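Chain residues, written in single-letter form:
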Amino acid sequence: MVLGIFVADLAFRAPRLPVMGETILGSGFASGPGGKGSNQAIAAARAGGDVGLITRIGNDAFGTMARQAWQEAGIDTATIVTDESAPTGAAFIFVSTETGDNAIIVESGAAGRLSTADVARAEAAIAGARVFMTQFEQPIGAALEGLRLARRHGVTTILNPAPAVAVDDAIWPLCDYVTPNETEAASLTGLPVETDAQVLAAANELVRRGARNALITLGEKGALLHGAAGTAIVPAFPVANVVDTTGAGDAFNGAFAVALAEGRPPLEAVRFGCAAAALSVQKPGTAPSMPGRAAIDVLLA
Ligand code: RIB
């Protein structure tokens, strides 16, 4: 079960970002389904999961885009609310033509109104799940409620704390896995996260605050797992031609969640997530770049 937002991604490829007051020519544009929660749900469904999503969308063209994407992926939409008085959100995504790296501004739209009541209404679906996963693009109160309900029903919890925001320390003990990237880990802990030793220190800080495990994603270096499940760096799968890194973290989280739900040991689940991320960066877009189960299995083999 995933709690999070859907937005329409509007992705511009250009050699660099313009400075204030400047207009530059782009070299490509694409629009498509996005939002971390929806991306992670689609990644999990493509990776073989049986997935439901808790979110809000508007009654508009971007909302139609969302429903089409979820239908194609086979996601259960019973816990999705159509909000008649707020638009579906959108994200401005800059993708560097030089490196494939990205910078994003996201406006959560209707999903920014996800409430604790919306989450409470989905309690039965959460209780019936093996894994519950959320992020920070919708109100933190909704994330907290989802994590609390999942914990109450013995469901494994994953918090992808993206974007990094200031949160009450009460959230960490509700998490079996906290999955920031390096930038988010630095922001959340207030520690530098550049060397391997610093990554481990940041992971240790999240565990000290109460998370059962910290799982810090490290881009082309892989991911560090630290906590009750042990301590290890799982290397990334080498990728010769990185096209677009947007959504790679979502591919990782969605696939990791599926592997845990299948009962795989945590380190094996991290490797499964790394394989999905490596495949996703070889295609443009976010949700459209999420790999299918067959491709993940081939890479792992
Ligand atoms: O993680 C990538 C996602 O972040 C994009 O799809 C964008 O919508 C933002 O939410």
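Residues numbered from 1 in each chain as written. Predicted model: local features only at pLDDT ≥ 70, side-chain atom pairs only at ≥ 80, totals over all residues. Heavy atoms only, no water.

> Got a sec to walk through the side chain of Asp244? Specific residues and values, please.
Inspection of the secondary structure puts Asp244 in the loop between strand S13 (230-234) and helix H8 (248-261). No salt bridge is formed by the buried Asp244; the nearest opposite charge belongs to Arg13, separated by 4.5 Å. Side-chain polar atoms of Asp244 contact the side chain of Thr246, separated by 2.4 Å. (Helix = DSSP H or I, 4+ residues; strand = E, 2+ residues; numbered from the N terminus. Buried < 20%, exposed > 50% of the residue type's maximum accessible area, 1.4 Å probe, protein only. Lys, Arg positive; Asp, Glu negative; His and termini not counted. Salt bridge = Lys/Arg side-chain N within 4 Å of Asp/Glu carboxyl O. Polar contact = N/O pair within 3.5 Å; in protein donor to acceptor, adjacent residues only side chain to side chain.)

> How would you sum up the pairing of strand S5 (residues 80-83)? Please name residues and give values.
Pairing between strand S4 (residues 53-58) and S5: four bridges, direction parallel. Counted as the bridge partner of Thr55 is Ile80 from S5. (Pairing = 2+ DSSP bridges.)

> If you had to explain the environment of His226 to someone new, which residues and values would you point to?
Turning to its location among the elements, His226 is positioned in strand S12 (residues 223-227). Along the sequence, His226 and Asn213 sit 13 residues apart, while their C-alpha atoms lie 5.6 Å from each other. Reaching out from His226, the side chain makes a polar contact with the side chain of Thr231 at a distance of 2.7 Å.

> I'd like a rundown of the side chain of Ser96, residues and numbers included.
Inspection of the secondary structure puts Ser96 in strand S6 (residues 88-96). Here the side chain of Ser96 touches Glu98 through a polar contact of 3.0 Å, landing on its backbone nitrogen. Not counting chain neighbours up to four residues away, the residues in contact with Ser96 comprise Arg13, Ala14, Pro15 and Asp101. (Contact = heavy atoms within 4.5 Å.)

> Outline the sheet that holds strand S11 (residues 213-217), supporting the account with residue identities and numerical values.
Reading across from one edge, S5-S4-S1-S8-S9-S10-S11-S12-S13 is the order of the nine strands in this open sheet, with mixed pairing throughout. The open sheet terminates on both sides in strands that have one partner only, identified here as S5 and S13. Alignment of S12 against S13, held across five bridges, turns out to be antiparallel. Of the residues in S13, the one forming a bridge with Leu224 is Ile233. Contacts from helix H1 (residues 36-46) reach strand S1 (2-3), S4 and strand S8 (131-134) within the one sheet, and its direction differs from that of S4 by about 130°. In this fold helix H2 (residues 61-73) packs onto S4 and S5, with an angle of close to 150° to the strand it touches most, S4. (Axes fitted to C-alpha atoms, helices over the stretch in contact; angles between N-to-C directions.)

> Lay out the nonpolar core with the relevant residues and their values.
Among the nonpolar cores identified, the biggest contains 48 residues, and Ile42, Trp70, Ile75, Ile158, Phe252, Phe256 and Val270 are the most heavily contacted of them. Listed by contribution, the elements that provide at least two residues to this core are H1, S4, H2, S8, S12, H8, helix H9 (266-280) and helix H10 (293-300). Excluding anything up to four places from it in sequence, Val270 contacts Leu215, Ala223, Leu225, Val234, Phe252 and Phe256. Membership of the second largest hydrophobic core comes to 41 residues, among which are Ile54, Leu114, Ala122 and Leu174. (Core = buried A, V, L, I, M, F, W, Y, C linked by side-chain atoms within 4.5 Å.)

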